[in-house]
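Chain by chain, the residues run as shown.
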Amino acid sequence: MNKQKNSSDLSDVLRALQQEEVIAYPTEAVFGLGCDPDSEKAVNALLALKQRPWQKGLILIAANYEQLKPYVNDAALSDAQREAIFSVWPGPVTWVIPARPETPRWLTGSFDSLAVRVSDHPLVQQLCAQYGKPVVSTSANLSGQEPCRTTDEIRIQFGSSLPVLTGQVGGRLNPSEIRDALTGKQFRQG
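A quick note: this is a predicted structure, and the numbers were derived from the prediction, not measured. (Residues numbered from 1 in each chain as written. Predicted model: local features only at pLDDT ≥ 70, side-chain atom pairs only at ≥ 80, totals over all residues. Heavy atoms only, no water.)

Glancing now at the overall build of the chain. Each helix and strand counted, the chain has 6 helices and 8 strands in total. Taken from N to C terminus, the helices and strands of the chain fall in the order α-β-β-α-β-α-β-α-β-α-β-α-β-β. Here the C-alpha atoms of the chain give a radius of gyration of 15 Å, agreeing with the 16 Å that 2.2 N^0.38 yields for 190 residues. Within the span of the chain, comprising 190 residues, buried residues form 51% of the whole. Sequence-distant contacts in the chain: of pairs separated by 6 or more residues, those separated by 24 or more amount to 66%. Total accessible area on the chain stands at roughly 9,100 Å², and carbon and sulfur atoms take up 50% of it. Positive and negative side-chain charges of the chain, numbering 19 and 20 respectively, have mean locations separated by a distance of 3 Å. (Helix = DSSP H or I, 4+ residues; strand = E, 2+ residues; numbered from the N terminus. Rg over C-alpha atoms; globule rule 2.2 N^0.38 Å. Buried < 20%, exposed > 50% of the residue type's maximum accessible area, 1.4 Å probe, protein only. Contact = heavy atoms within 4.5 Å. Areas by Shrake-Rupley, 256 points an atom, 1.4 Å probe, with all protein chains shown as cover. Lys, Arg positive; Asp, Glu negative; His and termini not counted. Charge placed at Lys NZ, Arg CZ, Asp CG, Glu CD.)

Our focus in this paragraph is the layout of surface pockets. Estimated volume of the largest pocket: approximately 680 Å³. Contributions of two or more residues to the lining of the largest pocket are made by β2 (31-34), α4 (105-108), β5 (113-118), β6 (135-139) and β8 (186-188). Here the lining of the largest pocket is composed, by residue class, of 15 nonpolar, 10 polar and 6 charged. (1 Å grid on protein atoms, 1.4 Å probe; cavity = no way out; pocket = protein on both sides within 12 Å on 5 of 7 lines; lining within 4 Å. Points joined across faces, edges and corners; volume = space filled by probe spheres on them. Nonpolar A, V, L, I, M, F, W, Y, C, P; charged D, E, K, R; others polar.)

We now examine unusual backbone geometry. The omega torsion of the bond from Trp89 to Pro90 falls at -10°, within 30 degrees of zero and hence cis. Checked against the element boundaries, Pro90 lands in the loop between α3 (79-86) and β4 (93-98). A positive phi angle, near 60°, is found at Glu20, a position not held by glycine. Its place among the elements puts Glu20 in the loop between α1 (3-18) and β1 (23-26). A positive phi angle, near 60°, is found at Gln51, a position not held by glycine. The topology assignment puts Gln51 in the loop between α2 (40-50) and β3 (59-62).

Another aspect to go through is helix α5 (residues 122-131). Since the α-helix advances by 3.6 residues per turn, residues separated by three or four positions end up pointing in the same direction. Looking only at α5, the buried set comprises Leu123, Val124, Leu127, Cys128 and Tyr131. Looking straight down α5, one finds its buried side chains confined to an arc of 125°; they lie on one side. Turned more than 90 degrees off the buried face of α5, the exposed positions are Pro122, Ala129 and Gln130. Two residues or fewer after α5 comes Gly132, characterised by a positive phi angle close to 85°. (Arc of directions from axis to C-beta.)

With the rule as written, the count across this model stands at 2 aromatic pairs. Centre to centre, the rings of Tyr65 and Phe86 are 5.0 Å apart; their planes meet at 75°, and the pair counts as edge-to-face. Note that Tyr65 is positioned in the loop between β3 and α3 and Phe86 in helix α3, a separation of 21 residues in sequence. Residue Tyr65 is classed as buried on the basis of its relative accessible area of 9%. Taking relative accessible area as the criterion, Phe86 reaches 37% and is therefore assigned partly exposed. Judged by centre distance (6.2 Å) and plane angle (45°), the ring pair of Tyr65 and Trp89 falls under tilted. Of this pair, Tyr65 sits in the loop between β3 and α3 while Trp89 sits in the loop between α3 and β4; the two residues are 24 residues apart in sequence, bridging distant segments of the chain. Note on accessibility: Tyr65 and Trp89 belong to one class, buried. The rings of Tyr65, Phe86 and Trp89 are connected pair by pair, giving a single aromatic cluster. (Phe/Tyr/Trp six-rings, centres within 6.5 Å; stacked < 30°, edge-to-face > 60°.)

Right under this line is the structure:
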């Protein structure tokens, strides 16, 4: 892997995030589409590109739990619930946690909770650490299409103007597992 090329791509992608653009980046199983979670303009652009209704809500992906605290109601979690979350993080498990009242609806959709994940993918870790906060994460695919697993597939579905963090997806075949942090109930198998 060419480190020089990736660090150049990382700075391009970070600049795109700061300019409220949508980006693509590799995750544990597939490429994700992401943007600045605090920019309604960026989130609306992502939803339009993905052809996804806002009501479904979105996932935030982060380098660490501290980055997620401005968006989730940490006080709603018991020590045992927090322990269950941290036992699989960083990793490919997304947890649905009650959202803070001020968390924007463009992230939570029609829910009072937010889906969040601390990724163990090294490029996601780097991206979020250098950006200083989480990014929105939804699979990179147009409605009805298979999720993209390579940069070439991104170009085919989204064209060449979408900023892409070049790299390999992790070895997982399935998207992240999704669980309810309060009940432990599984919403999606990983």
